[in-house]
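Commentary on secondary and tertiary structure
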Amino acid sequence: MTMNQQLLAERVVAELGVIPETPARGRYLPLERAYEIVDETIEHLRRTGGALEYTYVLGHRRRLAASLTMIPMAEKDDATCLDVGCFGYMAYWAWRYLGYAHVEGIELQPDDPRPIVTRTVEMEGARLDIRIHNFDLGQQDWPIEERFDTILFFETLEHVDKDHSGVMLNITERMGAEATLVMSVPNSVSYKTLKEFMSGAPPWTYWFFSPDLKHEPRHCFEYTPIFFKILLRSAGLEETAFRTLCAYAEPEALRDVFEIGEALSIEPRFFGETMIAQARKVSESPLFRYPDCIYDGDRYYRTTAPLLQDVFCKARDRFFREHYGAGERLRAIEEELRSQVTAAEDRACALEMTLREAAARNDEAHDRHLAREEESRVALRALETELEEVTARGDEALFLCDRYLAQEEELRNGLSAAEERARAAGDRVSALERAEQELRGGLTAAEDKIRGLERELQEAAARSDGAHQGYRAREEELRRREEEVRKKLHVAETHYDAIARSSFWRVTAPARRLANRFPRLRSHLKAILLPPARVCRAVVRRLV
């Protein structure tokens with residue numbers, strides 16, 4: 001793994017000036033058209049936008065225009081684009097001017113708990129609703145499953161405070177087989193760095209903390225061209241174009257700083273404060289998950305640092321040759337280097353002897369440790385055996401104790417049940433004795449009642465005989481009276497029929513029907529018919 005990373009660093013250093021500054025594959029906007037798009041947006045924001053967006057786009061005008069010329073125009077009707085860190089208008093420009101049918105973005109908005117936020121951009125009659133994923137780029141798993149044709153990643157990675165290689169792997173996983181990544185980061189070995197270094201300021205592009213501490217715009221890590229290329233290639237990417245530019249100053253005003261940089265063997269094409277790279281995916285898996293130059297200081301000083309030391313030595317020798325000649329200064333440096341090498345070799349020998357002594361002491365201590373460990377293991381085995389025996393005896397004693405307790409409990413339960421049964425039997429005996437006494441008293445009373453009933457039965461039989469004789473006499477009398485009544489009834493019926501057939505009854509029949517039909521006339525009809533009715537009753541009574 002160390003040799004592989006060393007070979008990667010050697011290849012990056014060797015090919016540093018080979019990669020072209022402009023991409024050769026695909027169609028791109030010319031720089032003049034890119035400036036027109038940016039200037040139109042600046043004018044729109046000046047008229048309608050907020051101060052923050054206006055200041056940002058205006059201050060980054062050169063970088064935004066140069067970045068637009070590195071983004072390939074869409075090669076198909078349904079091309080997709082993902083803008084990582086989508087503050088600004090890159091996603092909108094990709095949709096309106098570069099032909100991408102579907103654009104999405106990623107931007108952390110800590111004050112908004114929604115995982116998906118919609119941002120609307122409307123300009124000159126064109127309106128776009130951008131679907132923005134709200135999450136931290138530094139998290140291990142990204143909540144995005146789609147793959148995109150083009151990914152934009154401008155001025156964002158330097159703000160991420162953890163695992164830059166993990167961020168690049170997540171981006172690579174969201175790229176299709178023929179996808180393109182266009183990315184920019186600050187250059188920490190630029191003219192700006194040299195000016196800050198020479199003036200005593202921190203040699204960073206942007207180091208300021210935010211006073212309100214709610215948003216942290218400062219940079220957490222700034223790359224050099226070599227480190228940036230190592231990061232890209234470690235993630236399974238390869239540059240197809242690479243350049244730096246002076247985005248925040250006029251190049252004509254920086255001639256003196258560029259001359260100093262050239263004197264220090266810094267190529268002008270790598271001296272701009274912003275690096276822009278276009279890369280394509282060459283592998284589905286990363287070449288290295290953790291590049292030495294970013295994650296491992298010890299291995300970095302064994303793999304990449306010696307190569308950079310050679311670059312430094314060449315630049316230093318060139319500087320001294322051009323400014324002081326190759327005479328006494330070089331000899332003094334060589335002597336100094338020889339003395340340093342000798343001192344380093346002496347220190348190395350001393351360190352080697354110390355290391356050998358420490359190794360011997362370590363071996364001795366290791367042997368003692370092994371012996372003590374073996375003794376401890378034997379004692380532990382004996383204790384474990386004794387513990388097993390004690391445990392077995394304890395388990396047996398507990399088993400016997402449980403049996404004795406169970407038997408005692410059974411005996412107690414049996415004794416309680418027997419006592420209950422004895423008490424119940426005593427209660428039943430007492431109840432039987434009382435019932436026997438009650439039965440005897442009831443039997444005596446029953447015998448007395450039977451005797452009285454027998455006497456009453458005899459008396460009732462005597463009375464029954466007398467009553468039977470009287471009943472027969474009354475029965476004969478009733479039969480005789482019934483015969484007389486029947487005869488009288490026959491005579492009355494005969495008389496009633498005669499009356500019914502009389503002319504008077506027939507004459508009064510209409511009056512009776514009229515009274516039944518009109519109840520209010522009953523009193524008048526009654527007064528009319530009452531005297532004849534009384535006469536008829538008197539006649540009937542006499543007849544009966």
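So, a few notes on the structure that sits alongside this text. For clarity, every value in this text was computed on a predicted model and none was experimentally measured.

Considered as a void within the structure, the second largest pocket measures approximately 1,300 Å³ in volume. When residues of the lining of the second largest pocket are traced back to their parent elements, those giving at least two are helix H1 (2-14), helix H7 (191-199), helix H8 (225-234), helix H10 (292-295) and helix H12 (305-324). No other element matches H12, which puts nine residues into the lining of the second largest pocket. Here the lining of the second largest pocket is composed, by residue class, of 25 nonpolar, five polar and six charged.

Three or more residues of helix H9 (residues 255-263) are buried, namely Val257, Phe258, Gly261 and Ala263. Once H9 finishes, serine 265 follows within two positions and takes phi at roughly 65°, a positive value.

Turning our attention to the sheet that holds strand E8 (residues 274-281). Either a parallel or an antiparallel arrangement is found when strands of a sheet pair, and the pairing is made through backbone hydrogen bonds. Ordered in space as E3-E4-E2-E1-E5-E6-E8-E7, the eight strands form an open sheet in which the pairing is mixed. The two strands at the open ends of the sheet, each matched to only one other strand, are strand E3 (116-123) and strand E7 (237-245). Taken pair by pair, the neighbouring strands of this sheet meet at an average axis angle of 20°, ignoring direction. Relative to strand E6 (residues 175-186), strand E5 (residues 148-154) runs parallel, the two sharing six bridges. Of the residues in E6, the one forming a bridge with phenylalanine 148 is methionine 175.

Time to look at the pattern of salt bridges. Under the criterion given, the structure shown has 36 salt bridges. With its nearest N and O atoms 3.3 Å apart, the salt bridge here joins arginine 11 to glutamate 238. Of this pair, arginine 11 sits in helix H1 while glutamate 238 sits in strand E7; the two residues are 227 residues apart in sequence, bridging distant segments of the chain. Exposure remark for arginine 11: the relative accessible area of 38% places this residue in the partly exposed category. With a relative accessible area of 31%, glutamate 238 lands in the partly exposed category. Among the salt bridges present, the one from arginine 289 reaches aspartate 163, with a minimum N-O distance of 2.8 Å. Of the two residues, arginine 289 is situated in the loop between E8 and H10 and aspartate 163 in the loop between E5 and helix H6 (164-173); the sequence distance between them amounts to 126 residues.

What counts and what doesn't
- Residues numbered from 1 in each chain as written.
- Predicted model: local features only at pLDDT ≥ 70, side-chain atom pairs only at ≥ 80, totals over all residues.
- Heavy atoms only, no water.
- 1 Å grid on protein atoms, 1.4 Å probe; cavity = no way out; pocket = protein on both sides within 12 Å on 5 of 7 lines; lining within 4 Å.
- Points joined across faces, edges and corners; volume = space filled by probe spheres on them.
- Helix = DSSP H or I, 4+ residues; strand = E, 2+ residues; numbered from the N terminus.
- Nonpolar A, V, L, I, M, F, W, Y, C, P; charged D, E, K, R; others polar.
- Buried < 20%, exposed > 50% of the residue type's maximum accessible area, 1.4 Å probe, protein only.
- Pairing = 2+ DSSP bridges.
- Axes fitted to C-alpha atoms, helices over the stretch in contact; angles between N-to-C directions.
- Salt bridge = Lys/Arg side-chain N within 4 Å of Asp/Glu carboxyl O.

These figures come from the coordinates and say nothing about function on their own.
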